[in-house]
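# Working through the structure, step by step
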Amino acid sequence: MGNILLALGVVLLAASALGLWGLHRFSARLARRAEADVPPAGRFVDTPEGRVHLVEAGQGPPLVLIHGLGGQLQHFTYALSERLADDFHVIIVDRPGSGYSERGGGADDAGLAAQARQIRNAWRALGVERPLLVGHSLGGAVALALAEDYPDEVAGLALLAPLTARESEVPPAFRGMTIRSPRWRRFVADTFAAPLGVRYATRMLAAIFAPEPVPADFATRGGGLLAMRPQAFYANSSDLVRLENDMPALIRRYPELRLPVAILFGERDRILEPARHGLALRDRLPGLAVETLPEAGHMLPLTRPDETAAFIRRVVARACE
């Protein structure tokens, strides 16, 4: 009987190993397909922290656009950048660890300060001075970190549905990414994340875009396929976990900000609550301008590009006063 149980255990172990190997191969194939369908769209700039992938368009006062969690620069090139390039030098970055931008492997490299420093070094490598920063969602927190750490190098902040306050719990669409152990995070990224992402992508995107529809070509033109790669899952999970430590320090420094700051929210945003992340900041940021779009959700750069571009222009005008 003992020999039978031992043999059965060996068979189950071998089957498990074979299954994990299959998941790993599936994930690798999906990553290669995603990169073939959504190749780098711009150029690479070297910084001390690693290469940054970015797209430039237009001439004029500089704007640096920073996307949110699970995103990439295609969130802005989809529709927004073309509405700004006639009058501005638009610089759209893949956040460190996202899209095709590099990030170090340590826990600190996922922090807001580290991402801010790398993006700042990227625009300095281009010879850009004092850009106005446009940050969407988590990119809003990165933009705030940039303004706090480099106050003389930022002209103003135009924040789109930004993360500005501590969240008591992760939004349901991103809850599966909250993995605190780096080893377990890497294991899940290399095995289960891609298959589960494929299975639940429709549901997750519907929640993120709600109440507005997901663009039919979001997977390619919007860069959505790149979020299916193992490295994207690992970076997104690292971002989420690191926020628990970074947000309190970021919030404490809000009263130090002395530059124009404005926030645009969709009043039906289901990812970040507009009142909590927008209106509640008025007590900590005197002069803060907060605007809302009726019937709009979280993904303003893609779903409301005209209104978003007009909002950015108003912030630029205020910064130039």
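Everything discussed here concerns the structure shown above.
Note that the structure is a prediction, hence the values are computed from the model and not measured.

Within the chain, the secondary structure is distributed over 10 helices and eight strands. On the principal axes, the C-alpha backbone points of the chain span a range of 85 × 40 × 40 Å. Counting the 321 residues in the chain, one finds 53% classified as buried. In the chain, the proportion of contacts linking residues at least 24 apart, taken out of those at least 6 apart, comes to 79%. Put simply, the chain shows about 14600 Å² of open surface, and 55% of that area lies on carbon and sulfur atoms. Side chains of the chain give 36 positive and 35 negative charges; the mean places of these two sets differ by 6 Å.

Another aspect to go through is a nonpolar patch on the surface. A cluster of nonpolar side chains, namely Phe192, Leu196 and Tyr200, defines an oily patch on the protein surface of about 250 Å² accessible area. Here leucine 196 shows up in helix H6 (residues 193-209).

A word on helix H7 (residues 230-252). Here H7 is 23 residues long and its end C-alpha atoms lie 34 Å apart, about the 33 Å a rise of 1.5 Å per residue gives. Of all bends in H7, the biggest is about 50 degrees, found at glutamate 244, and the proline proline 248 comes one to four residues later. The buried fraction of H7 is high, at 17 of 23 residues.

Here we come to unusual backbone geometry. Omega for the bond connecting alanine 210 with proline 211 falls within 30 degrees of zero, at 5 degrees, which places this linkage in the cis form. Its location among the elements puts proline 211 in the loop between H6 and H7. Even without being a glycine, alanine 161 presents a positive backbone phi close to 45 degrees. By the element assignment, alanine 161 lies in the loop between strand E6 (156-160) and helix H5 (182-190). Even without glycine at this site, glutamate 295 takes up a positive phi of about 65 degrees.

Counting 62 residues, the largest nonpolar core has Leu112, Leu146, Leu157, Met247 and Tyr254 as the members making the most contacts within it. Sort the elements by how many residues they give to this core and helix H4 (residues 138-149) lands first, with eight residues. By size, the runner-up hydrophobic cluster in this structure holds 24 residues, among which are Ala158, Ala262, Ala296 and Phe311.

Strand order in this open sheet of eight strands is E1-E2-E4-E3-E5-E6-E7-E8, and the pairing throughout is mixed. Strands at the two margins of the open sheet, each flanked by one partner only, are strand E1 (43-47) and strand E8 (289-293). On average, adjacent strands in this sheet sit at an angle of 25 degrees to one another, irrespective of strand direction. Bridge count between strand E7 (residues 261-266) and E8: five bridges; the pairing is parallel. Paired with alanine 262 across the two strands is alanine 289, which belongs to E8. Each of strand E3 (62-66), strand E5 (132-136) and E6 touches H4; the most contacted strand, E5, lies at about 150 degrees to it. In the packing of helix H10 (residues 305-319) onto the sheet, the strands contacted are E3, E5, E6, E7 and E8, and the crossing angle to E7 comes to about 165 degrees.

Thresholds, definitions, all that
- Residues numbered from 1 in each chain as written.
- Predicted model: local features only at pLDDT ≥ 70, side-chain atom pairs only at ≥ 80, totals over all residues.
- Heavy atoms only, no water.
- Helix = DSSP H or I, 4+ residues; strand = E, 2+ residues; numbered from the N terminus.
- Buried < 20%, exposed > 50% of the residue type's maximum accessible area, 1.4 Å probe, protein only.
- Contact = heavy atoms within 4.5 Å.
- Areas by Shrake-Rupley, 256 points an atom, 1.4 Å probe, with all protein chains shown as cover.
- Lys, Arg positive; Asp, Glu negative; His and termini not counted.
- Charge placed at Lys NZ, Arg CZ, Asp CG, Glu CD.
- Patch = residues over 30% accessible without salt bridge, like charges linked within 9 Å, V, L, I, M, F, W, Y side chains within 5 Å.
- Salt bridge = Lys/Arg side-chain N within 4 Å of Asp/Glu carboxyl O.
- Expected span 1.5 Å × (residues − 1).
- Bend = angle between axes of the 7 residues up to and from the residue.
- Core = buried A, V, L, I, M, F, W, Y, C linked by side-chain atoms within 4.5 Å.
- Pairing = 2+ DSSP bridges.
- Axes fitted to C-alpha atoms, helices over the stretch in contact; angles between N-to-C directions.

Nothing here speaks to function; it is all geometry.
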